[in-house]
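Each chain is listed here by its residues.
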Amino acid sequence: MNWQKLDQKNIWHPFSPLSEKPVIQVKKGRGVYLQTIDNRWIMDCISSWWVNTHGHANKQISRAISKQSRKLEQVIFAGFTHEPAVKLSQLLLNLLPENQSKLFFSDDGSTSVEVALKLAIQYWKNLGKPRRKIIAIDGAYHGDTFGSMSVGERGIFNLPFFDFLFEVDFIPFPEGDGANSIAKMREMVSDDTALFIFEPLVQGASGMRMYTPEILDELLGIAKSKDIICIADEVMTGFGRTGKVFASDYLNHDPDIFCLSKGITGGFLPMGVTTVSQKITKTFDATDYAKTFFHGHSYTANPLACAAAVESLKILGNQKCKDQIEMISKKHEEFVSATKVPESIREIRSLGTILRIELRVNDPGYVSMIKEQIYDFFMSRNLLLRPLGHVIYVLPPYVIEPKELKKIYQAIHQFFEELEKK
């Protein structure tokens, strides 16, 4: 049977035109590698869209899922609970700031943001002091549901839906010293501002754009002066990606709400988690049904996903994993400091396990013409580096070895040389 033809006939792939060239069929994964049906071994340098923290087919997580599947695969989460969910809640709350008190489970990053927005808005409603204004940051990507699209950048990802998105005030992306963003934040906040949502320190989908903890702390201070609910979208930055467990760990101000997903299960199963502070939960703690949070998902706190997440967090807490994160971070820093930036490159920068390379092009953005050239160059060397338009980034699983990072860096230098020839 020709699986590739059936795929082209039957399947609609994400973020891809229907006329896109044939896709690559993967047979299995091991560590940082993907094996295709024609026995190519491709290094997954981006953790398969940032989810695969501990390498493909991690045996420890796989065993935990298998063991759980023989006990309980799924149960309604209204009026019931189970051990993996309770274990996970305790593990997460131990990692998060002390102000976080409860978890709400959902399905993915978009839904974790959707839950956060609804909780923040209903918080003010439950207080009897409804607020309507929302502030976000230019260039943000928070997901593909209507709420998460509304607080994200108005661009190609949501162009057909502009007329259906709710109004949001955007401050400029905090470049340089962030003075423009801080001034705009001071101008925008008011007694009617309900929430401020942000990707802490790194805007993922817009090109791994980075800014400093000092600027974000200033923005949070302004928001908190008006008692505004602050939402940290840690879907991409969480679970070690920035060198700390959460990017918010670099801050002095604690967010009121955290949105978590991607790396939470080590890349095995989909899961979203929204965590909230006691300040928020106490406004829902009433017998009045009007103050109940009427939101849920069929697979809320799925036992298999919870079991995977519990095991993934155990691995994350091991010294070996911490050493790997530190090694990747240092290797990225060494690459940045040792690389002579050619004219074709606008910026090379890293934060934790994230390496970012922005090319100097005439058409910057997600649909830049250079995107396919970048992808094909690295795939011809069996390196999966799916660029964000004109931005190359490396975000590997934590099991990657120094020799494998060296291979990636060497290929990047070769790409630089190709660019300089043109």
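Residues numbered from 1 in each chain as written. Predicted model: local features only at pLDDT ≥ 70, side-chain atom pairs only at ≥ 80, totals over all residues. Heavy atoms only, no water.

## Concerning the environment of Lys-87
Move 1: Mapped onto the elements, Lys-87 comes out in helix 4 (residues 83-95).
Move 2: Given the relative accessible area of 41%, Lys-87 is considered partly exposed.
Move 3: Once the C-alpha coordinates of Lys-87 and Val-310 are considered, the two residues, 223 residues apart in sequence, prove to be 6.9 Å apart. (Helix = DSSP H or I, 4+ residues; strand = E, 2+ residues; numbered from the N terminus. Buried < 20%, exposed > 50% of the residue type's maximum accessible area, 1.4 Å probe, protein only.)

## A few points about a nonpolar patch on the surface
Move 1: Together, Phe-146, Phe-161 and Phe-164 make up an exposed nonpolar region whose accessible area comes to about 330 Å².
Move 2: Mapped onto the elements, Phe-161 comes out in the loop between helix 6 (146-150) and strand 6 (169-171). (Patch = residues over 30% accessible without salt bridge, like charges linked within 9 Å, V, L, I, M, F, W, Y side chains within 5 Å. Areas by Shrake-Rupley, 256 points an atom, 1.4 Å probe, with all protein chains shown as cover. Salt bridge = Lys/Arg side-chain N within 4 Å of Asp/Glu carboxyl O.)

## A short note on unusual backbone geometry
Move 1: Of note, the phi angle at Lys-262 is positive, near 40 degrees, even though the residue is not glycine.
Move 2: Among the structural elements, Lys-262 can be located in the loop between strand 11 (257-260) and strand 12 (272-277).
Move 3: Judged by its relative accessible area of 25%, Lys-262 falls in the partly exposed class.

## Observations concerning the pattern of salt bridges
Move 1: In the structure shown here, the tally under the stated rule is 13 salt bridges.
Move 2: Between Lys-184 and Glu-187 there is a salt bridge, with the nearest N and O atoms lying 3.2 Å from each other. Of the two residues, Lys-184 and Glu-187 both sit in helix 7 (residues 179-188), three residues apart, roughly one turn of that helix.
Move 3: Overall, Glu-187 belongs to the exposed group, its relative accessible area being 58%.
Move 4: When salt bridges with common partners are traced through the structure, they connect Arg-346, Glu-347, Arg-349, Arg-356 and Glu-358 into a single cluster.

## Description of the sheet that holds strand 14 (residues 354-359)
Move 1: Strand order in the open sheet formed by three strands is 13-14-16, and the pairing between neighbours is antiparallel. In this open sheet, the two strands that pair with only one neighbour each are strand 13 (345-351) and strand 16 (391-394). Neighbour-to-neighbour, the strand axes of the sheet open up by a mean angle of 10 degrees, direction not taken into account.
Move 2: Taken together, the six bridges between strand 13 and strand 14 define a ladder with antiparallel strand orientation. (Pairing = 2+ DSSP bridges. Axes fitted to C-alpha atoms, helices over the stretch in contact; angles between N-to-C directions.)

## Quick notes on the state of the cysteines
Move 1: Considering all chains together, one arrives at zero disulfides under this definition.
Move 2: Not part of a disulfide, Cys-45 finds its nearest cysteine sulfur in Cys-321, a span of 18 Å.
Move 3: Assessed through its relative accessible area of 0%, Cys-45 is described here as buried.
Move 4: The exposure class of Cys-321 is buried, given its relative accessible area of 6%. (Disulfide = S-S within 2.5 Å.)

## So, the packing of helix 11 (residues 319-338) against helix 13 (residues 402-421)
Packed helix pairs are specified by the crossing angle of their axes together with the interaxial distance, meaning the distance between the axes.
Move 1: Where helix 11 meets helix 13, the closest approach of the two axes is 11 Å, and the angle between their N-to-C directions is 25 degrees. As the angle between them shows, helix 11 and helix 13 are arranged roughly parallel. Judged by the sense of rotation from one axis to the other, the crossing of helix 11 with helix 13 is right-handed. In contact with Met-327, Ile-328, Lys-331, His-332 and Phe-335 of helix 11, helix 13 contributes Pro-402, Leu-405, Tyr-409, Ile-412 and His-413.
Move 2: The residue makeup of the contact of helix 11 with helix 13, split by class, is seven nonpolar, two polar and one charged. (Parallel < 35°, antiparallel > 145°, perpendicular 65-115°, else oblique. Left-handed = near helix turned anticlockwise from the far one by under 90°. Contact = heavy atoms within 4.5 Å. Nonpolar A, V, L, I, M, F, W, Y, C, P; charged D, E, K, R; others polar.)

## Overview of the sheet that holds strand 15 (residues 383-384)
Move 1: Read across the open sheet, the four strands follow the order 1-2-3-15; overall the sheet is mixed. Sheet topology places strand 1 (26-30) and strand 15 at the edges, where each strand pairs with a single neighbour.

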